[in-house]
Amino acid sequence: MISVVILGAGNVATHLFKAFYKAENIVVNQWFNRTLKSIDFYKNMVDVTDSLSSLKPADIYIIAVSDDAIMKLSEQLPFENKLVVHTSGSVGLYDLDKKNHRGVFYPLQTFSKDATIGFENVPICIETANKNDFKTLKLLAESINSKSYRVNSEQRSALHLAAVFVNNFTNQLYRIGHEITESTSTEFDILKPLILETANKIQNLSPFMAQTGPAKRNDKKTIKKHLKKLEGSPHKAIYEMLTNSIQKTHGRKKL
Ligand SMILES: NC(=O)c1ccc[n+]([C@@H]2O[C@H](COP(=O)([O-])OP(=O)(O)OC[C@H]3O[C@@H](n4cnc5c(N)ncnc54)[C@H](OP(=O)(O)O)[C@@H]3O)[C@@H](O)[C@H]2O)c1
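Since the structure is predicted, the reported quantities are computational estimates derived from the model, not experimental observations. (Residues numbered from 1 in each chain as written. Predicted model: local features only at pLDDT ≥ 70, side-chain atom pairs only at ≥ 80, totals over all residues.)

(A) Region of interest: the site of the ligand. Around the ligand, the structure places 22 residues, and the nearest of them are Gly 10, Val 12, Val 65, Ala 69 and Ser 88. When contributions to the shell around the ligand are tallied by element, the ones reaching two or more residues are helix H1 (11-22) and helix H2 (67-76). Per-class residue counts for the shell around the ligand are nine nonpolar, eleven polar and two charged. (Near = placed C-beta within 6 Å. Helix = DSSP H or I, 4+ residues; strand = E, 2+ residues; numbered from the N terminus. Nonpolar A, V, L, I, M, F, W, Y, C, P; charged D, E, K, R; others polar.)

(B) Representation of the sheet that holds strand E5 (residues 83-86). Taken in spatial order, the eight strands of this open sheet run E3-E2-E1-E4-E5-E6-E7-E8, and their pairing is mixed. What marks the edges here is a single partner per strand, and that holds for strand E3 (48-49) and strand E8 (148-150). Pairing between strand E1 (residues 2-7) and strand E2 (residues 26-32): six bridges, direction parallel. Across the sheet, the residue bridging to Val 5 is Gln 30, located in E2. Sheet strands touched by H1: E1, E2, strand E4 (60-63) and strand E6 (101-107). Its angle to E2, the strand with the most contacts, is close to 150 degrees. Against the sheet, helix H4 (residues 153-182) makes contact with E6 and strand E7 (124-128), and its axis sits at roughly 150 degrees relative to E7, the strand it touches most. (Pairing = 2+ DSSP bridges. Contact = placed C-beta atoms within 7 Å. Axes fitted to C-alpha atoms, helices over the stretch in contact; angles between N-to-C directions.)

(C) Here's a closer look at the domain arrangement of the chain. Assigned domains within the chain: domain 1 (2-151) and domain 2 (155-249). For domain 1 and domain 2, the distance between their C-alpha centres works out to 35 Å. Every contact between the two is made by nine residues of domain 1 and, on the other side, seven residues of domain 2. Listing elements by their share of the side of domain 1 that touches domain 2, those giving two or more residues are E6 and E7. In terms of residue class, the side of domain 1 that touches domain 2 is built from five nonpolar, three polar and one charged. (Domains from an automatic or database assignment.)

(D) Molecular detail of the pairing of E2. As for the winding sense of the linkage, the β-α-β connection from E1 through H1 to E2 is right-handed. Summarising the sheet, E2 and E3 pair through two bridges and their orientation is parallel. Looking at E3, one finds that Trp 31 is bridged to Val 48. (Right-handed = clockwise from strand over helix to strand, strands pointing away.)

(E) Main features of the pairing of E7. Along E7, five of the five residues are buried, which leaves the element largely enclosed by surrounding structure. Taken together, the three bridges between E7 and E8 define a ladder with parallel strand orientation. Bridge pairing in E8 links Ile 126 to Arg 150. In the classification by handedness, the crossover that spans E7, the intervening helix H3 (residues 131-143) and the parallel E8 is right-handed. (Buried ≥ 20, exposed ≤ 12 C-beta atoms within 10 Å, placed from the backbone.)

(F) Broad picture of the environment of Gln 76. Take Gln 76: it is sitting in helix H2. Taking the C-alpha atoms as reference points, Gln 76 and Gly 118, 42 residues apart in sequence, are found 32 Å from one another.

Right, here's the structure in full:
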C-alpha cells in the first residue's frame, strides 16, 4: 500500500485524488489546501485540512499547486526526509526544498476539473534524485494505470515546451476558427471531424508527412484571398507567421 498526501485542490490535484481514491493499493491519508472551501465537498471521503502543521505521515507528498507557489510551499512543510514531489512541467526538481527527498510527477495531459479523463491516457514523466524514489513513483503511476517515463530536467522542459505548442496553441487556433465561423453564423461543429482527423492522422504519420493545405501546396492565390479576408484582424499576423513556418518546413519560398 502506498500512502499519499495531496497538497492543492485545483485541476490536477482533483483528478489525482479521484484516481488515487479508486486505486486498490493507494491510500490518500490527507488532502491539504490553503482554503478549505474547494475540498470541503470531499470531507466524507478523506481527511481534509488547511493547516500545514497538522499534516499526517505518508510515503509521498504531492504538491499540485500553481507553479509559482511550489517552492515556498515545499519550504513550509514541517518535516524532513520524506518524498515530496511536484506535478509541474516547468518547475525545477531542485526548486523543492532540500530538507526532503525531491521528485517530479508530471502528468503530461490537459486537465480541467469538469472534464473526465482516464489516467490510462496520461503519461507520467518522473524525475527523481535517487533510484528508490523513482521506483516508488513508478509504482504510484502504475497503480492508476498510467504509463511512466523517466526523464531528466532538460527533457521535461522540452516536453513542456512542445506541449504548449501542440495543446495550448492548437486550442487557441480552434478558438480563432470558432470566431471565424461565428462571424458568418456557420456552425463550428462542421469542423469537428477535421479536428479529430488531424489528431488521428499523426498517430500513424509524422506531422511533416501529414501536412496539407494552401501553404504547403504554395497556392498563392488562395493565400492572398485569405489574407484579404483577414485585413485589419489581429489573426492576419498569425496566418502569415504560420504560413511562413509551413513554407519554410516544406521548402517553399517565404510569402
Ligand atoms: N492543468 C493542467 O492541465 C496541468 C497539466 C500538467 C501539470 N500541471 C501542473 O500542476 C500544478 C497545478 O496546476 P492546476 O492546473 O491544477 O492549477 P489550478 O487548477 O490553478 O490550482 C492551483 C492550486 O494552487 C493553489 N495555490 C495557488 N497559489 C498558492 C499559494 N501561494 N500557496 C498555496 N497554494 C496555492 C490553489 O489554491 P486555492 O484553491 O486556495 O486558490 C489551487 O489549489 C501546476 O504546477 C501545473 O503546472 C497542470
